[in-house]
Amino acid sequence: MRAQISASGLLRETVTHSAEETIAFGRTLADLLVPPKLVLLRGDLGAGKTTLVKGIAEAFAAAAEEDVTSPTFTLVHEYRGPRANVHHIDLYRVDTLRELDTLGLDDLRSDDSVLLIEWGEKFLRLVRERDVEIVLERVGESERRIRIVAEVCPSIPGPRPKWSATG
Ligand code: ADP
Ligand code: MG
């Protein structure tokens, strides 16, 4: 599946019917998330954000799906792969800029880093800096709609879309 950028910035959309399908979809995303990337994972508790990370980390050969667990208490998990250093971050319990600063997210960013951040939309700074946003919605007991959106995504092959920022 090749990434197509529509005028709305939508790259891909799918509906999955099980956690396994969400993981499988995550495995297709390595070509889209070529480092460096800051990715916001948006969606309610139980939407499937952490489940999706299992597939993404696998796609980068950075971790086996069973090794990816929610960074609820440790806040940051790091998975090193040959092509990417995947950081999985959960800001659910982080409420202030001071707390955010102590995580040192800037220090995690490098040419080969992919930051996958749950609840990052709580902080305007991260919303501004994000390259890609993945929105997960519960549409049934085990159905999840997953949409991938980006405003500027220079690593996507093809001409620069007209609607992207020029400055
Ligand atoms: P989040 O990180 O968004 O809070 P999790 O990935 O930790 O969510 O949990 C999602 C839960 O929903 C898991 O228990 C998973 O088994 C379940 N689930 C059921 N259907 C799906 C689906 N289609 N995609 C992802 N998770 C699903
Ligand atoms: Mg989670």
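Residues numbered from 1 in each chain as written. Chains lettered and ligands numbered in written order. Predicted model: local features only at pLDDT ≥ 70, side-chain atom pairs only at ≥ 80, totals over all residues.

**Notes on the pairing of strand β5 (residues 113-118)**
Summarising burial for β5: 5 of the 6 residues are buried, a large majority. Alignment of strand β2 (residues 37-42) against β5, held across 5 bridges, turns out to be parallel. Following the sheet pairing, L38 is matched in β5 by L115. Of the pairings in the sheet, the one linking strand β4 (residues 85-90) to β5 comprises 6 bridges and is parallel in character. If you follow H87 over to β5, its bridge partner there is L115. (Buried ≥ 20, exposed ≤ 12 C-beta atoms within 10 Å, placed from the backbone. Helix = DSSP H or I, 4+ residues; strand = E, 2+ residues; numbered from the N terminus. Pairing = 2+ DSSP bridges.)

**Regarding the nonpolar core**
Ranked by internal contacts, the top residues of the largest apolar core, which has 38 residues, are V39, I56, A57, V86 and L116. Of all the elements in the fold, those that place two or more residues in this core are β2, α2 (49-59), β4, β5, β6 (132-138) and β7 (144-149). It is α2 that contributes the most residues to this core, 5 residues altogether. Excluding residues within four positions of it along the chain, I56 makes contact with G26, L29, L33, V86 and L116. (Core = buried A, V, L, I, M, F, W, Y, C linked by C-beta atoms within 7 Å. Contact = placed C-beta atoms within 7 Å.)

**Some remarks on unusual backbone geometry**
The linkage connecting P35 with the following residue, P36, adopts the cis geometry, with an omega of -5 degrees. By secondary structure assignment, the location of P36 is in the loop between α1 (19-27) and β2. Positive phi values are uncommon outside glycine, yet A61 reaches one of about 50 degrees. One can find A61 in the loop between α2 and β3 (76-80). For A61, a count of 15 C-beta atoms within 10 Å translates into the label partly exposed. Even without glycine at this site, L75 takes up a positive phi of about 70 degrees. Take L75: it is sitting in the loop between α2 and β3.

**With respect to the confidence of the model for the protein**
Within the protein, residue pLDDT values average 89, and 85% of them lie at 70 or more. Throughout residues 153-167 the model reports pLDDT below 50, and contacts reaching past four residues in sequence, or to other chains, amount to 11 contacts. (pLDDT = per-residue confidence, 0-100.)

**Notes on α1**
Taken residue by residue, α1 has T22, I23, F25 and G26 as its buried positions. Taken end-on, α1 shows its buried residues confined to a sector of 160 degrees, consistent with a single buried face. On its buried side, α1 packs onto β1 (10-16), α2 and β7. (Arc of directions from axis to C-beta.)

**Examining the site of ligand 1**
Among the 19 residues in the neighbourhood of ligand 1, the closest are listed as T22, G48, K49, T50 and T51. Those elements that place two or more of their residues in the shell around ligand 1 are α1 and α2. Of the residues assigned to the shell around ligand 1, the class counts are 3 nonpolar, 11 polar and 5 charged. (Near = placed C-beta within 6 Å. Nonpolar A, V, L, I, M, F, W, Y, C, P; charged D, E, K, R; others polar.)

**Describing the sheet that holds β1**
In sheet architecture, strand pairing relies on hydrogen bonds along the backbone and comes in two forms, parallel and antiparallel. Reading across from one edge, β1-β7-β6-β2-β5-β4-β3 is the order of the 7 strands in this open sheet, with mixed pairing throughout. A strand with exactly one partner marks an edge of an open sheet, and here the two such strands are β1 and β3. Within this sheet the neighbouring strands show an average axis-to-axis angle of 15 degrees, counted without direction. Sheet topology note: the β2/β6 ladder contains 4 bridges and is parallel. Its bridge partner being in β6, V39 is matched across the sheet by V132. Along the sheet, α1 contacts β1 and β7; its crossing angle with β1, the most-contacted strand, is approximately 155 degrees. (Axes fitted to C-alpha atoms, helices over the stretch in contact; angles between N-to-C directions.)

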